[in-house]
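Residues per chain, in single letters:
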Amino acid sequence: MAPDEAEVTFAKGLEDVIVAKSRITYIDGEIGKLVYLGIPIEEMAKHSTFEETAYLLGHGALPTRQQLDEYSRTLVANRALPDTLLNMMKLFPPTALPMDVLRTAVSALGMLDPNPKDSSKEQNQLRSARLIAQFPTIVAAFARMRQGLEPVAPRADLGHAANFLYMLFGQAPDEFTARVMDVALVLHADHEMNASTFASLVTGSTLSDMYSAITTGVGTLKGPLHGGANEAVVAMLQEIGTVENAEPYVLNALKTKKKIMGFGHRVYHAYDPRARIFKEYARELSQRKNDMTWFQIGEKIEEVMIREVGRKGIFPNVDFYSGIVYHHLGIPTDLYTPIFAIARVAGWIAHVMEYWEDNRIFRPASIYTGPKEAPYVPIEKR
Ligand code: SDX
């Protein structure tokens, strides 16, 4: 029988509801701590690369040199897109939203899998490498196509992050730029039971397939309450325009109960540790570009937000300073959320594969608020 409201605990938005056991990522939201397999995110940002992070999340341990080389070679070998997908993408309208393109392309890759009915672990590992390798190629290819340019073929001698920028701009990045991109991907690679990871697990839990699960993840990440917030932050910075406008803008938003994008978090009631790292890169890039305006607006927004609502546990999240970083890398705004997805696909896959080790279909319950009994009234009598 369906539960009655008085008899159950109802957690709107599944707040604090435990839905799985996982060994991958741990967050202590009270002190702003984040670890991948026990390793602090600060250490990962300092020393790791996206390839190594993806291996860590997917295999549960840091790779040896040989394992990392082999994994990196597999990713490189899988970077190119199937011709069928490239031809399909040529038919997409240039005005399409890149997140919609990514979602559709990932779904299409499912149709192009040579063994779609084989759900063995080996096949899924192959699919994982293909998906992680091809996300950047899809995003960069569409970014070129919509400008009427030919996609740039991947370059085998470049790392994952540097190759993405190469495919996007047609020019290999300098070492610092490549490192910033790499760190951004490391920071976004996983984040425990966030909305898009949970959505991927729900799809995976029906034993559908990897592509369906990841397509679900992309669609879920798109929303401005989740991955889409980084694009919304930039729209806000543009609207504010000057440092002087920042304080009145924030105060007015708070007064009218409007959310400031890039602030607040379901789990963190402290400063998101990823935002701290992004902030320092945003500062350094702004200095290098001799253009501090957005960074100063960002700092002012942060100051006012912490003063006004910090006691409620509202601080900058990962999406706040990342936009300023990407802006200074010359990346078009509507690619910011796709870049989040390029990183997060590693986390989605790791969680889906982990969940399949001890799968149970997700099937929660809801509180019925409709009538308990009602007559069927014939249409002519309504
Ligand atoms: C990501 O979950 C993850 O791990 C996600 C993520 C990941 O890596 O996967 O970290 C990535 O999605 C980051 C979040 C990006 N979204 C935004 O920046 C959008 C703006 N922030 C919010 O809308 C909000 O904070 C959420 C969606 C992130 C969290 O929503 P909750 O947990 O449902 O919180 P809530 O909306 O119920 O807010 C609680 C209180 C409210 O005040 P009260 O009514 O209790 O007085 O905090 C206030 C809210 O009004 N509040 C804000 C605010 N966020 C929360 N007030 C002003 N500005 C904000 N941004």
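Every value quoted in this text rests on a predicted model; they were computed, and no experiment measured them.

**Overview of the overall build of the protein chain**
Across its full length, the protein chain carries 16 helices and three strands. Here the protein chain has a C-alpha radius of gyration of 22 Å; the compact-globule value for 382 residues is 21 Å, and the two agree. Referenced to the eigenvectors of the C-alpha coordinate spread, the extents of the protein chain come out at roughly 70 × 55 × 50 Å. Counting over 382 residues, the protein chain shows a buried share of 50%. Just so you have it, the protein chain exposes about 19,100 Å², and 53% of that area is on carbon and sulfur atoms.

**A closer look at the site of the ligand**
Surveying the vicinity of the ligand reveals 23 residues, the closest of which are His191, Ile260, Arg266, Arg274 and Lys312. Separating an oxygen atom of the ligand from a side-chain N or O atom of His265 is a distance of 2.7 Å. Coverage of the ligand by the protein chains reaches 72% of its 1,100 Å² of free accessible surface.

**A word on the sheet that holds strand E2 (residues 33-36)**
Judged by pairing direction, the sheet is antiparallel, and its three strands sit side by side in the order E1-E2-E3 without closing on themselves. Every other strand in the sheet has two partners, leaving strand E1 (25-28) and strand E3 (39-40) as the edge strands with one partner each.

**Side note on the pattern of salt bridges**
Opposite charge on two side chains makes pairing possible when the charged atoms of those side chains draw close. Tallying each qualifying case throughout the model produces 19 salt bridges. We note a salt bridge from Arg155 to Asp157, for which the minimum N-O separation is 2.8 Å. For Arg155, a relative accessible area of 30% puts it in the partly exposed group. For Asp272, the salt bridge goes to Arg274, with nearest N and O atoms at 2.7 Å. Arg274 gets classed as buried once you look at its relative accessible area, which sits at 2%. Look at the salt bridges and you will find they share partners, linking Glu247, Lys300, Glu303, Arg307 and Glu308 into a network.

**Focus: the pairing of E2**
Across four bridges, E1 lies against E2 in antiparallel orientation. If you follow Thr25 over to E2, its bridge partner there is Tyr36. In this structure, the hairpin formed by E1 and E2 is closed by a connection of four residues, where Gly32 is found at a positive phi of approximately 70 degrees. Pairing of E2 with E3, which is carried by two bridges, proceeds in the antiparallel orientation. Paired with Tyr36 across the bridge in E3 is Ile39. A loop of two residues connects E2 with E3, the two strands running antiparallel in sequence, and Leu37 in this loop sits at a positive phi of about 50 degrees.

**With respect to the packing of aromatic side chains**
By convention here, two paired aromatic rings are described through the distance between centres and the angle between planes. Tallying each qualifying case throughout the model produces ten aromatic pairs. Plain terms: the ring middles of Phe320 and Tyr321 are 4.8 Å apart, the flat faces sit at 80 degrees to each other, and that makes the pair edge-to-face. Residue Phe320 shares its accessibility class with Tyr321, and that shared class is buried. We note Arg276 situated over the ring of Tyr271; from NZ or CZ to the ring centre the distance is 4.4 Å.

**A look at the nonpolar core**
Met89, Leu131, Phe135, Met181, Ile301, Tyr326 and Ile331 are the most contacted members of the largest nonpolar core, which has 120 residues in total. Both domains that meet at this core, namely domain 1 (24-175 + 190-223 + 348-356) and domain 2 (229-328), each give it at least three residues. For Met89, the residues in contact, after removing those within four places along its chain, are Leu81, Val101, Ile138, Ala141, Phe142 and Met145.

**Thoughts on the packing of helix H6 (residues 121-145) against helix H7 (residues 160-169)**
Packing of H6 against H7 brings their axes to within 8 Å, and their N-to-C directions diverge by 20 degrees. Between H6 and H7, the angle falls in the class roughly parallel. As H6 runs across H7, the sense of the crossing is right-handed. Here H6 contributes Ile132, Ala133, Pro136, Thr137, Val139, Ala140, Ala143 and Arg144 to the contact with H7, which in turn contributes His160, Phe164, Met167, Leu168 and Phe169.

**Regarding the side chain of Thr203**
Within the secondary structure, Thr203 sits in helix H9 (residues 195-205). The class of Thr203 is buried, set by a relative accessible area of 18%.

**As for helix H12 (residues 243-255)**
Of the residues making up H12, those classed as buried are Ala246, Tyr249, Val250 and Ala253. The arc that holds every buried residue of H12, seen down its axis, measures 95 degrees, which confines them to one face. Seen from the buried face of H12, the exposed residues on the opposite side, beyond 90 degrees, are Glu244 and Lys255. Buried-residue contacts for H12 involve helix H11 (229-240) and helix H14 (293-309). Among the residues trailing H12, Lys257 stands out with phi positive, at a value near 60 degrees.

Parameters and conventions
- Residue numbers restart at each chain and count upward from 1, following the sequence in its written direction.
- In keeping with the predicted nature of the model, local features appear solely for residues at pLDDT of at least 70, side-chain atom pairs appear and are counted solely at 80 or more, and the whole-chain, interface and lining totals rest on all residues.
- The side-chain values count all of the structure's non-hydrogen atoms but skip hydrogen atoms and water molecules.
- In this text, helices come from DSSP runs of H or I with a minimum length of four residues, and strands from runs of E with a minimum of two, each type numbered from the N-terminal end.
- Our radius of gyration looks at C-alpha atoms and nothing else; its globule reference is 2.2 Å times the residue count to the power 0.38.
- Relative accessibility thresholds used throughout: buried, under 20% of the residue-type maximum; exposed, over 50%; partly exposed, between the two (1.4 Å probe, protein chains only).
- Here the Shrake-Rupley method, with its probe set to 1.4 Å, supplies the accessible areas, and only the displayed protein chains count as covering residues.
- To be near a molecule or strand, a residue needs just one of its heavy atoms within 4 Å of it.
- Side-chain atoms alone can form a polar contact between residues adjacent in sequence; in general such a contact is a pair of N or O atoms within 3.5 Å, and within protein one must be able to donate a hydrogen while the other accepts it.
- Pairing between two strands requires that DSSP report at least two bridges joining them.
- Salt bridges are identified by distance alone: a Lys or Arg side-chain nitrogen within 4 Å of an Asp or Glu carboxyl oxygen.
- Two aromatic rings from Phe, Tyr or Trp, using only the six-membered ring of Trp, form a pair when their centres are within 6.5 Å; if the ring planes differ by under 30 degrees the pair is stacked, by over 60 it is edge-to-face, and anything between is tilted.
- Geometrically, a lysine NZ or arginine CZ counts as sitting over a ring once it is within 6 Å of the ring centre and also within 35 degrees of the ring normal.
- Take the buried Ala, Val, Leu, Ile, Met, Phe, Trp, Tyr and Cys residues and link them wherever side-chain atoms come within 4.5 Å; each set so joined is a nonpolar core.
- Each domain's extent was defined by an automatic or database domain assignment.
- Only heavy atoms matter for contacts: two residues are in contact if any of them lie within 4.5 Å across the pair.
- Axes here refer to lines fitted to C-alpha atoms; in helices the fit is confined to the stretch in contact. Angles between the N-to-C directions go from 0 to 180 degrees.
- Oblique is the label for any angle not under 35 degrees, not over 145, and not in the 65 to 115 range, which are roughly parallel, roughly antiparallel and roughly perpendicular in turn.
- A clockwise turn of the near helix away from the far one marks a right-handed crossing, whereas an anticlockwise turn of less than a right angle marks a left-handed crossing.
- The directions from the helix axis to the C-beta atoms are what the arc is built from.

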